[in-house]
Amino acid sequence: MIDLNPIFLTLKLALVTTTILFFVSIPLANWLAFRKTKLKTFLEVLVSMPLVLPPSVLGFYLLLAFSPSNGIGKVLEEWFGLRLAFSFSGLVVASIIFGLPFMVHPIQSGLSELPSVLKDASYTLGKSKTETLIRVLLPNIKTSLITGIALTYAHTIGEFGVVLMIGGNIPDETRVASIAIYNEVETLHYHNANIYSLILFGLTFSILLLVYSLKHRFKLAN
């Protein structure tokens, strides 16, 4: 009988990360979609870095930053009693940074493709920028929102390098499913590794199947 706690911890991490990223990414994606400044290019590069940067590199620098002996980690522990290195909170922060482009890019793309007349008409009717975003723009990019949510959730489920560097391998605290698979393979318990892998395969396949089904349904509705 395998331990299902890594599966539940993985789902919890993915849910928390996706929820936070959803609310963080909407204003950021909106800014990137409509603002034209030199800073925009810099931010786009910064957001996209996790797509090309090796997870071990990002994890290493985050581990240094989260270390209680220096950097942000020292300030957080001394002032707030919060330790990020080798903790679930650290996994969440690392997953948010690593998953940022998977949420921001679909939303930014969806907003950029909307006709400008929608925004202009809303402003003409006296709506604020925030009201226009929430009541006019976002309802017209449902497919992009669903895509961002699904990609972020599925990507977080499959994280390995970053969570290993930041969280290590602490049972019931940081040992997510991908780490559990690695442990089972290292100890030659291939049967258990296969079960974990099949569960993750089924989860990610179901998520993507739901996304493509919803996207197809929205296209037919339009």
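Procedures and definitions
Residues numbered from 1 in each chain as written. Predicted model: local features only at pLDDT ≥ 70, side-chain atom pairs only at ≥ 80, totals over all residues. Heavy atoms only, no water. Helix = DSSP H or I, 4+ residues; strand = E, 2+ residues; numbered from the N terminus. Buried < 20%, exposed > 50% of the residue type's maximum accessible area, 1.4 Å probe, protein only. Contact = heavy atoms within 4.5 Å. Areas by Shrake-Rupley, 256 points an atom, 1.4 Å probe, with all protein chains shown as cover. Lys, Arg positive; Asp, Glu negative; His and termini not counted. Charge placed at Lys NZ, Arg CZ, Asp CG, Glu CD. Core = buried A, V, L, I, M, F, W, Y, C linked by side-chain atoms within 4.5 Å. UniProt positions renumbered as here; feature names shortened; annotations may be inferred.

1. A few points about the overall build of the chain
Piece 1. Secondary structure assignment for the chain yields eleven helices and zero strands.
Piece 2. Counting from the amino terminus, the chain carries its helices and strands in the arrangement α-α-α-α-α-α-α-α-α-α-α.
Piece 3. Once the C-alpha set of the chain is aligned to its principal axes, its extents read approximately 65 × 45 × 30 Å.
Piece 4. Taking all 222 residues of the chain together, 40% fall into the buried category.
Piece 5. Counted over contacts in the chain with a minimum sequence separation of 6, partners at least 24 positions apart contribute 72%.
Piece 6. Split by element, the accessible area of the chain, about 12,500 Å² in all, is 67% carbon and sulfur.
Piece 7. Placing the 16 positive and 12 negative side-chain charges of the chain at their respective mean positions leaves the two points 15 Å apart.

2. Examining the nonpolar core
Piece 1. Core analysis: the biggest nonpolar cluster contains 27 residues, and L13, I107, L111, I141 and V176 have the highest contact counts within it.
Piece 2. Counting residues per element, the ones that place at least two in this core are α1 (5–34), α5 (88–112) and α7 (129–137).
Piece 3. Ranked by the residues each element gives to this core, the list is headed by α5, at nine residues.
Piece 4. When neighbours within four sequence positions are excluded, I141 is seen to be in contact with I107, G110, L111 and L114.
Piece 5. Formed by 15 residues, the second largest nonpolar core is a distinct cluster that contains I7, Y153, A180 and I181.

3. Quick look at the environment of E184
Piece 1. Relative to the helices and strands, E184 resides in helix α10 (residues 177–186).
Piece 2. Overall, the relative accessible area of 15% leaves E184 in the buried class.
Piece 3. Linking E184 and T152, residues 32 residues apart in sequence, is a C-alpha distance of 26 Å.
Piece 4. If we skip the residues at most four places from it in the chain, E184 touches H189, Y190, N192, A193 and Y196.

4. Thoughts on the UniProt feature "domain: ABC transmembrane type-1" (unreviewed entry) in the chain
Piece 1. The feature "domain: ABC transmembrane type-1" (unreviewed entry), as given by UniProt, occupies residues 7–211 in the numbering adopted here.
Piece 2. Across residues 7–211 one finds 80% helix and 0% strand; the C-alpha atoms that close the span lie 21 Å apart.

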